Amino acid sequence: DAGVTQSPTHLIKTRGQHVTLRCSPISGHKSVSWYQQVLGQGPQFIFQYYEKEERGRGNFPDRFSARQFPNYSSELNVNALLLGDSALYLCASSSSLGSTDTQYFGPGTRLTVL
Amino acid sequence: GNSVTQMEGPVTLSEEAFLTINCTYTATGYPSLFWYVQYPGEGLQLLLKATKADDKGSNKGFEATYRKETTSFHLEKGSVQVSDSAVYFCALSAPNTGNQFYFGTGTSLTVIP
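The structure displayed is predicted, hence computed values, not measured ones.

Reading guide: rules and limits
- Residues numbered from 1 in each chain as written.
- Chains lettered and ligands numbered in written order.
- Predicted model: local features only at pLDDT ≥ 70, side-chain atom pairs only at ≥ 80, totals over all residues.
- Heavy atoms only, no water.
- Disulfide = S-S within 2.5 Å.
- Helix = DSSP H or I, 4+ residues; strand = E, 2+ residues; numbered from the N terminus.
- Phe/Tyr/Trp six-rings, centres within 6.5 Å; stacked < 30°, edge-to-face > 60°.
- Buried < 20%, exposed > 50% of the residue type's maximum accessible area, 1.4 Å probe, protein only.
- Salt bridge = Lys/Arg side-chain N within 4 Å of Asp/Glu carboxyl O.
- Pairing = 2+ DSSP bridges.
- Axes fitted to C-alpha atoms, helices over the stretch in contact; angles between N-to-C directions.

Asks: It is not clear to me how the state of the cysteines should be interpreted in this structure. Could you clarify?
Replies: Working definition of a disulfide: a covalent bond connecting the sulfur atoms of two cysteines. Residues and elements named next belong to chain A. For the structure shown, the criterion picks out two disulfides over all chains. With a sulfur-sulfur separation of 1.8 Å, Cys23 is cross-linked through a disulfide to Cys91. Taking the sign of the S-S torsion, -65° for the link of Cys23 and Cys91, the bridge is left-handed. With a gap of 68 residues between them, Cys23 in strand β3 (residues 19-24) and Cys91 in strand β9 (residues 87-94) connect regions that are remote in the sequence.

Asks: Is there a simple way to explain the packing of aromatic side chains in this structure?
Replies: Think of a pair of aromatic rings as described by two things: how far the centres are apart, and how the planes are tilted against each other in angle. Inspection of every chain in the model, using the stated rule, returns 15 aromatic pairs over all chains. Between the aromatic rings of Tyr35(A) and Phe105(A), the centroid separation amounts to 5.6 Å while the plane-to-plane angle is 50°, which identifies the pairing as tilted. Taken together, the positions of Tyr35(A) in strand β4 (residues 31-37) and Phe105(A) in strand β10 (residues 104-105) put the pair 70 residues apart, joining distant regions of the chain. Owing to a relative accessible area of 0%, Tyr35(A) belongs among the buried residues under this scheme. Its relative accessible area of 10% is what places Phe105(A) among the buried residues. Between Tyr36(B) and Phe103(B), the aromatic rings sit 5.9 Å apart at their centres with planes inclined by 55°, giving tilted as the arrangement. Separated by 67 residues along the polypeptide, Tyr36(B) in strand β5 (residues 32-38) and Phe103(B) in strand β11 (residues 101-103) bring together distant segments of the chain. Of the residues examined, Phe103(B) reaches a relative accessible area of 8% and is grouped as buried. The structure contains a cluster of three or more aromatic residues connected by ring pairs, namely Tyr35(A), Phe45(A), Phe105(A), Phe34(B), Tyr36(B), Phe89(B), Phe101(B) and Phe103(B).

Asks: What's the story with the pattern of salt bridges in this structure? I'm lost.
Replies: Pairs can form between side chains of opposite charge once their charged atoms are near each other. One pass over the structure, following the stated rule, counts eight salt bridges over all chains. In this structure, the salt-bridge partner of Glu75(A) is Arg22(A), at a minimum N-O distance of 3.5 Å. Of this pair, Glu75(A) sits in strand β8 (residues 74-78) while Arg22(A) sits in strand β3, and the two are 53 residues apart along the sequence. With a closest N to O distance of 3.4 Å, Lys52(B) and Asp55(B) form a salt bridge.

Asks: Explain the sheet that holds strand β1 (residues 5-7) of chain A here, please?
Replies: All names here are of chain A. An order of β1-β3-β8-β7 is seen for the four strands of this open sheet, with the pairing classed as antiparallel. Where the open sheet ends on each side, the last strands, each with one partner, are β1 and β7 (64-68). Adjacent strand axes in the sheet meet at a mean angle of 15° when their direction is disregarded. Where β3 meets β8, five bridges bridge the pair, whose relative direction is antiparallel. Within β8, the position partnered with Arg22 by the bridge is Glu75.

Below you can see the structure in the form of structure tokens.
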């Protein structure tokens, strides 16, 4: 079975622009989470969606938004990009919302803001 | 609150040396604990997990034991290989926070022949 897939792999934008990142979870997984990983740091939680509803939100500004579609794929949107938004954006999927459930990560989208 | 503190890196070891990467946590309730590994340019791969106190997770020669009394989940391997060179992340998932993960800052390991 395919793992978590993300697109695009790399993206270069300029300040003030908008970006959309996409994620497809492992087949059968209903939960998708988004994380931001700044170089040299651990991933920071941005959003979690389950059954198309937002179930958790990290400490990120309203410029960040996300949604989950009926097929459980997800999009992360970032408006008014800042230089500090440059990071690796990771998507993870899990079968449910249990704290014992493993999150499986995609390869990430590397966003560079110039 | 929930947080993970990891041993500062980078760590450089010779092949076949013993590895320990320290991880301690703070959590509400009884969390599940995970170790992930990240190779250059890639996403995170699950290495091992433990979901209750005294559980030992193991995989590919790596081991970690969930120690509730010391709130620790240290990663160990008896004999490292060059191919183990990567960044290692300790993480927790706490009850009543959905499936949100809290990560440490990562420990970079380089194994030299």
